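This is what each chain is made of:
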Amino acid sequence: MEPFTTHSGLVAALDRANVDTDQIIPKQFLKRIERTGFGQFLFFDWRFLPDGSPDPAFELNQPAVQGATILLARRNFGCGSSREHAPWALADYGFRAVIAPTFADIFFNNCFQNGMLPIRLTEAEVDELFKRAAGPGYRLHIDLREGTLHDDAGFTASFTVDPFRRQCLLEGLDDIGLSLRHTDAIAVWEAAHGLPAVGG
Amino acid sequence: MPAPRTLLDKIWDDHVVCTPPGELPLLYIDRHLVHEVTSPQAFEGLRIAGRRVRRPEATFATPDHNVPTTDRRLPIADPVSKQQIDTLRANCREFGVKLYDLGDADQGIVHVIGPELGITQPGMTIVCGDSHTATHGALGALAFGIGTSEVEHVLATQTLRQGKPKSFEIRVTGRLPAGVTAKDLVLHIIGRLSTEGGTGYVLEYTGECIRALGMAERMTVCNMSIEAGARAGMIAPDATTFDYLRGRDFAPRDFERAVAVWEKLPSDPGAAYDRVEIFSAADVVPQVTWGTNPAQVVGVDARVPDPGSFTDVNDKSSAARALDYMGLAGGMPIVEIPLDRVFIGSCTNSRIEDLRAAAAVVRGYRVAPSVRAMVVPGSGRVKREAEAEGLDRVFTAAGFEWREAGCSMCLGMNPDTLAPGERCASTSNRNFEGRQGKGGRTHLVSPAMAAAAAVSGHFVDIRSWEYR
């Protein structure tokens, strides 16, 4: 997993609440058996008109946010289906961080598995960011080590991340590898619960 | 004396393997359910790292999301769907996982067959790469959806990294009025909690109303916990649970001994929840969603709300956007909304009890000429049971299509989809934009309400239905 320590990037603002994972990556694109290549389908039904051309009204199609790496959204981002294809699509499109007042739980967890940082700020801070991001070329600078972010015009905010998740992101650690260090404890639990020992 | 504990506390405490310093707890997972859409990358990850499945016997797989619901003897037309199903088959063979394959008599929606086969049991931790895993909490299990990386983690370690969620008691007093179902109850609850009211919590449904529900109804309620943002919903096991499980394929051999353990699971008197909300069952009327999330819901006797009636700015803009997508105007009576399609199925409402309720409405009637209606049983077992009772003939005589088991038009990954602009009364769980097909418009309702809408061509209040 790619480590996340600091990141500076262009902000794309998606002024919608309850953005569900069906919108982030519609079901017709869940049939791939790889983790890669989902970026082309990100927000597909919003991004493209029925004839396949980009919808000029959709936020991510604005010329000013091309190359954005930080997504700003309203509350309950990532609700609905557990599909990890949602963070895969966001990451593959180029996003490294998503900022919203609240996130749905499963999506929130899935982000950390993919080197992507979901940042919870207050409603007031997110409001302020939407105002600032209305201007062209709006950039934010995120520092996960400090748990802070700022722009170039005096905005600063802090955020918290579960210490374990934070450490995994900072070091790009493989979750499974870490857990397999506790195989003995798992075996003890299994034996205490009457399960036969795992062979070999 | 030990402090009183909730059902969640008891299951949680029993399953924490260890909490290494500076790390999240490792939670032991008793049962892992797998389907074709969220597992291929997890198995591939194991293969790349040279890892194996720690407990294949705790893992059960079935294809459900992608499968055609037409004649199973025919080849799968969509090559990409076929590849995903073939991949599941190959992965289960390679890693020694039990598979209920397409041709298997017990294939079905993973959240229908888990309880049906007795794989789901009280006190267990159960996960699946699917947000509707909450369903299994109806049997007194802690069950929740996970992402594909977590699927891989569970396959490799039989554990999950997990912080303890907060507990939220949803107490429902009294009894549901005639014509009002578990689906209406849960939609009513979601409408009040909002789509994120349950975020960070496990919902425990309690109270007289919940105790009076049968297992299928309890599964409907727990299933939709995720639509209020809660990863899990649960109901303490009782005689209804034990009677349901007794004799099922994977039920414990020494059943009475298991019951003695399960009887200790319900929350202790005085156990504290992080949050409590009380609902009165008498307040619930048949529900119909009007928008593009399940909390955008009203009673069938109400009107489509005007976006201006919402005070919160997010709610206001969401409502305006939803009405635009749904092709509805504020102020329109719900019963005047005309329908093109009706879908009875999904992990929310495709069990035999759901099909019986729908068939009772349909008996002696014909589907309205303007409507195309479809029934998709939740599993091969449900289908056979329905056919043994003659429900299939009730449906087909009325003009419904009678299909093979799968997720079908709940999410339209298979050929069962809405065309752009088509409006559907659906017994499923999500009315998101494009969920049932790009441009499709979904209204969530109970099976009886869906059946009555199919006959009438528009929504009707099931409480005044004339049963034949």
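Anyway, here's the lowdown on the structure attached to this text. Values in this document were obtained by computation on a predicted structure and should not be read as measured data.

**Some points on helix α8 (residues 183-192) of chain A**
Now for step 1: Within the span of α8(A), buried status applies to A:Ile186, A:Trp189 and A:Glu190. Taken around the axis of α8(A), the buried residues stretch over an arc of 100 degrees, which confines them to a single face. Along α8(A), the residues that are exposed and aim more than 90 degrees away from the buried face are A:Asp184, A:Val188, A:Ala191 and A:Ala192.
Now for step 2: In this structure, the buried side of α8(A) is in contact with α7 (175-180) of chain A together with α1 (7-15), β1 (16-18), β2 (26-28), α5 (148-157) and β8 (159-161) of chain B.
Now for step 3: Downstream of α8(A) by one or two residues, A:Gly194 has phi in the positive range, about 75 degrees.

**Describing the nonpolar core**
Now for step 1: Within the largest apolar cluster, 114 residues are counted, with the highest numbers of intra-cluster contacts made by A:Phe43, A:Phe77, A:Leu90, A:Leu117 and B:Phe400.
Now for step 2: For this core, the element with the highest residue contribution is helix α15 (residues 447-456) of chain B, accounting for 8 residues.
Now for step 3: Sequence-distant contacts of A:Phe43, defined by excluding residues within four places in its chain, comprise A:Leu14, A:Val19, A:Gln23, A:Ile24, A:Phe58, A:Leu60, A:Leu71, A:Phe77 and A:Leu90.
Now for step 4: Counting 74 residues, the second largest nonpolar core, distinct from the first, contains B:Ile146, B:Tyr205, B:Met224 and B:Ala230.

**A look at the interface of chain A and chain B**
Now for step 1: With 62 residues of chain A at the interface, the matching set in chain B holds 68 residues.
Now for step 2: Note that B:Arg54 is salt-bridged to A:Glu190, the shortest N-O span being 2.7 Å.
Now for step 3: Across the chain A-chain B interface, the total number found is 36 residue pairs in polar contact (both at pLDDT 80 or more).
Now for step 4: Looking at side-chain class alone, the side of chain A that touches chain B contains 22 nonpolar, 19 polar and 21 charged residues.

**Details of the pattern of salt bridges**
A side chain of one charge can pair with a side chain of the opposite charge when the charged atoms of the two come close.
Residues and elements named next belong to chain B.
Now for step 1: Summed over the entire model, instances satisfying the criterion amount to 55 salt bridges over all chains.
Now for step 2: Across the salt bridge formed by Asp243 and Arg246, the nearest N and O atoms sit 3.0 Å from each other.
Now for step 3: Looking at Arg246, the relative accessible area reads 40%, which means it is partly exposed.
Now for step 4: Arg372 serves as the salt-bridge partner of Glu401, at 2.6 Å between the closest nitrogen and oxygen. With Glu401 in strand β17 (residues 401-402) and Arg372 in strand β16 (residues 372-375), this pair connects stretches of sequence that are 29 residues apart.
Now for step 5: The partly exposed category is assigned to Glu401, whose relative accessible area is 23%.

Reading the values: rules and limits
- Residues numbered from 1 in each chain as written.
- Chains lettered and ligands numbered in written order.
- Predicted model: local features only at pLDDT ≥ 70, side-chain atom pairs only at ≥ 80, totals over all residues.
- Heavy atoms only, no water.
- Buried < 20%, exposed > 50% of the residue type's maximum accessible area, 1.4 Å probe, protein only.
- Helix = DSSP H or I, 4+ residues; strand = E, 2+ residues; numbered from the N terminus.
- Arc of directions from axis to C-beta.
- Contact = heavy atoms within 4.5 Å.
- Core = buried A, V, L, I, M, F, W, Y, C linked by side-chain atoms within 4.5 Å.
- Salt bridge = Lys/Arg side-chain N within 4 Å of Asp/Glu carboxyl O.
- Polar contact = N/O pair within 3.5 Å; in protein donor to acceptor, adjacent residues only side chain to side chain.
- Nonpolar A, V, L, I, M, F, W, Y, C, P; charged D, E, K, R; others polar.

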